[in-house]
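Inside the fold
Listed here are the chains, written in short residue letters.
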Amino acid sequence: MITFSIITCTYNAADTCERTFTSVLHQTYPYVEHLILDGKSKDDTLTKIEKYKNLNEEYGNRHTVECVSEPDKGLYDAMNKGIAKATGDYLLFLNAGDTFPTENTLRQIVDSLGKDASLPAVLYGDTDIVDMNGNFVRHRRLSPPEKLSWRSFKQGMLVCHQAFYVRTNLAKNTAYDLQYRFSADVDWCIRIMKEAEKMQLPLHNVHQVVVNYLEGGLTDKNHRDSLKERFRLMSRHYGLFQTVVMHIWFIFRSIIKK
């Protein structure tokens, strides 16, 4: 049976983490471990985590829940710690405030694989954007292609980081690059897909919304610096010429849509 490691990184996330914990708790698929990497929060986050662990016990320990609270070097460092601890067949990142669309999301993802015994390198799907109250705002502007490859991200990050489930054995050999402050997730996804291509492993489109993403993340709050950093990493993966051409296209595309 396919197993999942859900990784949630928190720091002073008391206002948003509870909805994420509730969403994981209510997943009907039983083969789940939830790893919470807390950066030594100073608010009520740890209290919320303890409450969640107690609720999970009341549910008969439906899932395995583990929390580590210690200082880290930032979000991507915490994610690397989560990868190191993960034991499931696949790992996914669910940030504080993000949720699964339904109680059956993980079960439906497994069902989408059919009876194929092989495990694709990546399972990916669609993303909806929600507000602080969990209300639907819009579908994510960029949507995943039918056939995804590392070259697809020349057009932008077509798959949301939280909608990108990676085989754990592959992820453990591909840590987040901490030189990137805002875009290490983009770089990580590209490098994962490059490794999948080398190993001739497929990427599987599950054809459903797999995450409700809370509007206004780290990248949104540091938009200009994030754009500069993303240009640098795209030049690294796709070459300067192609990156310049694609950014001209991004500008043209935004003008057309206005």
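One can find the structure itself at the top, above this paragraph.
Being a predicted model, the structure only gives us computed values, none of them experimental. Each residue is numbered by its place in its chain's sequence as written, counting from 1. Owing to the predicted nature of the model, reporting of local features is limited to residues with pLDDT of at least 70; listing and counting of side-chain atom pairs is limited to 80 or more, with chain, interface and lining totals taken over all residues. Based on all heavy atoms of the structure, the side-chain values leave hydrogens and waters out of the count.

Things to note about helix α6 (residues 184-198)
The following threshold applies: Helix numbering and strand numbering both begin at the N terminus, where a helix is a DSSP run of H or I of at least 4 residues and a strand a DSSP run of E of at least 2. Here a helix's expected span is defined as the number of its residues, less one, multiplied by 1.5 Å. Three labels apply to residues, based on accessible area from a 1.4 Å probe with only protein chains included: buried if under 20% of the type maximum, exposed if over 50%, partly exposed otherwise in between.
Counted at 1.5 Å a residue, the expected span for α6 with its 15 residues is 21 Å, and the 21 Å between its end C-alpha atoms agrees. By the criterion of burial, α6 is predominantly enclosed, with eleven of the 15 residues buried. By the burial criterion, the buried members of α6 are Ala184, Asp185, Val186, Asp187, Trp188, Cys189, Ile190, Arg191, Ile192, Met193 and Ala196. Positive phi shows up at Gln200, right after α6, with a value of about 60°.

Description of the environment of Pro71
The line we're drawing: Working rule for contacts: check all heavy atoms of both residues, and any pair within 4.5 Å makes them a contact.
Inspection of the secondary structure puts Pro71 in the loop between β3 (64-69) and α3 (75-85). Through-space distance from the C-alpha of Pro71 to that of Leu170 is 26 Å; in sequence the pair is 99 residues apart. Once residues lying within four places of it in the same chain are set aside, the contact partners of Pro71 are Gly39, Lys40 and Lys81.

Considering empty space enclosed by the protein
To find leftover empty space, one rolls a probe the size of a water molecule over the atoms. Quick note on the threshold: Definitions used for this entry: grid spacing 1 Å over protein atoms alone; cavity, a set of points where a 1.4 Å probe fits but cannot get out; pocket, an open set with protein on both sides within 12 Å along at least 5 of 7 lines; lining residue, one with an atom within 4 Å of a point. Grid points are joined across faces, edges and corners, and a volume is the space filled by probe spheres set on the points.
Counted by the stated rule, this structure contains one cavity of 30 Å³ or more. Its volume calculated, the largest cavity comes out at about 40 Å³. Lining the largest cavity we find Leu37, Asp38, Val68, Glu70, Asp72, Ala78 and Lys81. Those elements that provide at least two residues to the lining of the largest cavity are β2 (32-38) and α3.

Things to note about the packing of aromatic side chains
Note the following rule: Each Phe, Tyr or Trp ring, with Trp reduced to its six-membered ring, pairs with another whose centre is within 6.5 Å; inter-plane angles below 30 degrees give stacked pairs, above 60 give edge-to-face pairs, and intermediate values give tilted ones.
What the rule picks out here adds up to eleven aromatic pairs. Taking 5.5 Å as the distance between ring centres and 70° as the angle between the ring planes, the aromatic pair formed by Tyr29 and Tyr31 counts as edge-to-face. Judged by relative accessible area, Tyr29 falls into the buried class, the value being 3%. Of the residues examined, Tyr31 reaches a relative accessible area of 39% and is grouped as partly exposed. Both rings, one in Tyr76 and one in Tyr176, keep their centres 5.7 Å apart while their planes meet at 20°; by these two values the pair is stacked. Of this pair, Tyr76 sits in helix α3 while Tyr176 sits in the loop between α5 (168-171) and α6, placing them 100 residues apart in sequence. Each member of the pair, Tyr76 together with Tyr176, is buried. Connected via pairs of aromatic rings, a cluster forms that spans Phe4, Tyr29, Tyr31, Tyr90 and Tyr165.

Fair warning: the whole summary comes from geometry, so function is off the table for now.
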